[in-house]
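# Breakdown of the fold
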Amino acid sequence: MTAKPRLLSGMQPSAASLHLGNYIGALMSWKALQETHDAFFFIADLHAITVPQDPATLRENTRLTAAQYIAAGIDPAKSTLFVQSQVPAHAQLAWVLNTLTGFGEASRMTQFKDKAAKQGSDAASVGLFTYPILQAGDILLYQAAEVPVGEDQRQHIELTRDLATRFNARFGETFRIPEPYILKETAKIFDLQNPQSKMSKSSESPAGIVWLLDDAKTTAKKIMRAVTDADGRVVYDREAKPGVANLLTIFSVLGDVPISSLEEDFAGRGYGDLKKALVEVVESTLGPVRERTLELLADPAELDRILAANADRANEVASATLADVYDKVGFLPRSS
Ligand code: TRP
């Protein structure tokens, strides 16, 4: 029906609010990509429970994440925007792919090794170990051609390609082999207090993260207190001046102005001026996102209805792929 290439990506609902790094690094690109692609975006709640979650908080965060996707411009009439656990084929395909994955192969996943090291090997669950295999299933169910992710997900996409190739070789042509679509490094946003590390939900410095749902005053305060340097010149130098470079990146992306013209505009002026102007640019982007999110949350029944309709659409595609997989591996069809 559609000639647009199929695309899929997702995020875990692991915090109440997304942050500026998610907004610039993922949501802005997703919004643009939905115009040129048959896009599927989902909330990876099955992945979220690979680390302990409080049930009420998980449910709340899932709604909040969905509302923020929509508020940031993911249009549920254009893209298919759904909650992973509402499409049973994800868990079902993951089981089949588990049986095709080598133990050593899964053991080499660096994100698992990092996360397990943080938790201690006894605390880390088997679900955390098989996380990348569930992710492979997410992608393969939709026969996605492209998967927009950050550099940190490259290894999982490689695994997905390997598993798809293996399944196809063993059981016959079934899955499309997806390509990673690695989001630009220029879209990478760093912690305002610790501009050497990526802005991340797990940051130690709350003042370093700009949450999409922070009020205008809180955001302004965080930007005004962002770490810079003693040099005083507004110049982009990622190595020598990471704090200033980060502020310039945010300004450039949200204000849609090249970094070079910002350097010119702010030549001979101090960091205070740069920060004040940045506060305005950030608020003019995030203000409407915050308002729209709150509107959506004011009517949770309507939000749930949108998600259910989108899950139905996702389920049509996913269950067709799963039926083909079940048939190919030799499961006995259930007579109707
Ligand atoms: N692992 C991804 C992340 O942490 C989230 C994710 C789960 C995902 N399944 C996916 C991303 C499938 C892209 C495609 O960012």
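So, here is what we can say about the structure in this document. Predicted model only: the values in this text are computed from it and were never measured.

### Details of the site of the ligand
- Taken together, 13 residues are adjacent to the ligand, and Phe42, Tyr131, Gln135, Asp138 and Gln153 come closest.
- Tyrosine 131 is positioned with one of its side-chain polar atoms (N or O) 2.7 Å from a nitrogen atom of the ligand.
- Glutamine 135 is positioned such that a nitrogen or oxygen atom in its side chain is 3.1 Å from a nitrogen atom of the ligand.
- Burial of the ligand by the protein amounts to 88% of the accessible area it has alone, namely 360 Å².
- For the shell around the ligand, the per-class residue count stands at six nonpolar, six polar and one charged.

### Overview of the packing of aromatic side chains
- Following the criterion strictly, the structure yields eleven aromatic pairs and no others.
- Connected via pairs of aromatic rings, a cluster forms that spans Phe40, Phe42, Phe82 and Tyr142.
- Above the plane of the ring of tyrosine 131 lies lysine 115, whose end atom (NZ or CZ) is 4.5 Å from the centre.
- The ring of phenylalanine 190 has arginine 238 lying over it, and the distance from NZ or CZ to the ring centre is 3.6 Å.

### Considerations on the pairing of strand E2 (residues 38-43)
- Of all six residues that make up E2, six are buried, and the element is covered over most of its length.
- Side chains Asp38, Phe40 and Phe42 of E2 all project onto a buried face; the interleaved residues Ala39, Phe41 and Ile43 project onto the opposite face, where all are buried too.
- Pairing between strand E1 (residues 6-11) and E2: six bridges, direction parallel. In the strand pairing of E2, leucine 7 is matched with alanine 39.
- Crossover E1 to E2 through helix H1 (residues 20-36) is right-handed.

### A short note on unusual backbone geometry
- Although it is not a glycine, glutamine 143 sits at a positive phi angle of roughly 55°.
- Mapped onto the elements of the fold, glutamine 143 is located in the loop between helix H7 (126-141) and strand E4 (146-149).
- Phi at aspartate 256 takes a positive value of approximately 55°, unusual for a residue other than glycine.
- Mapping aspartate 256 onto the fold places it in the loop between helix H10 (242-255) and helix H11 (259-265).

### Here we look at the environment of leucine 278
- Within the secondary structure, leucine 278 is located in helix H12 (residues 271-297).
- A C-alpha to C-alpha distance of 45 Å links leucine 278 and aspartate 122, two positions 156 residues apart in sequence.
- Discounting residues that sit within four places of it in the chain, leucine 278 has contacts with Ile223, Leu247, Ile250 and Phe251.

### Notes on the pattern of salt bridges
- Counted under the stated rule, the structure contains 16 salt bridges.
- The partner of aspartate 38 in a salt bridge is arginine 6, with the nearest N and O atoms 2.7 Å apart. Here the residue aspartate 38 occupies a position in strand E2, and arginine 6 occupies one in strand E1, the gap between them amounting to 32 residues.
- With its nearest N and O atoms 3.8 Å apart, the salt bridge here joins lysine 198 to aspartate 152. Residue lysine 198 is located in the loop between strand E5 (179-182) and helix H9 (216-224), and its partner aspartate 152 is located in the loop between E4 and helix H8 (154-171); the two are separated by 46 residues in the primary sequence.
- Take lysine 198: its relative accessible area is 42%, and that puts it in the partly exposed class.
- Through salt bridges with shared partners, one network takes in Asp229, Asp231, Arg233 and Lys241.

### Topic: the nonpolar core
- Formed by 54 residues in total, the largest nonpolar core has its most connected members in Tyr23, Leu27, Tyr69 and Ile250.
- What isoleucine 250 contacts, discounting residues up to four positions off in sequence, is Leu20, Ile24, Ile189, Leu192, Gly255, Leu278 and Val282.
- Leu100, Met109, Phe129 and Phe167 belong to the second largest nonpolar core, which has 38 residues in total.

### What about the pairing of E4?
- Side chains of E4 alternate between two faces, with Glu146 and Pro148 and Val147 and Val149 buried alike.
- For E4 and E5, the ladder comprises four bridges, and the chain directions are parallel. Paired with proline 148 across the strands is tyrosine 181, a residue of E5.
- Taken together, E4, H8 and E5 form a β-α-β motif whose crossover is right-handed.

Rules of the game
- Residues numbered from 1 in each chain as written.
- Predicted model: local features only at pLDDT ≥ 70, side-chain atom pairs only at ≥ 80, totals over all residues.
- Heavy atoms only, no water.
- Near = heavy atom within 4 Å.
- Polar contact = N/O pair within 3.5 Å; in protein donor to acceptor, adjacent residues only side chain to side chain.
- Areas by Shrake-Rupley, 256 points an atom, 1.4 Å probe, with all protein chains shown as cover.
- Nonpolar A, V, L, I, M, F, W, Y, C, P; charged D, E, K, R; others polar.
- Phe/Tyr/Trp six-rings, centres within 6.5 Å; stacked < 30°, edge-to-face > 60°.
- Lys NZ or Arg CZ within 6 Å of the ring centre and 35° of its normal.
- Buried < 20%, exposed > 50% of the residue type's maximum accessible area, 1.4 Å probe, protein only.
- Helix = DSSP H or I, 4+ residues; strand = E, 2+ residues; numbered from the N terminus.
- Pairing = 2+ DSSP bridges.
- Right-handed = clockwise from strand over helix to strand, strands pointing away.
- Contact = heavy atoms within 4.5 Å.
- Salt bridge = Lys/Arg side-chain N within 4 Å of Asp/Glu carboxyl O.
- Core = buried A, V, L, I, M, F, W, Y, C linked by side-chain atoms within 4.5 Å.

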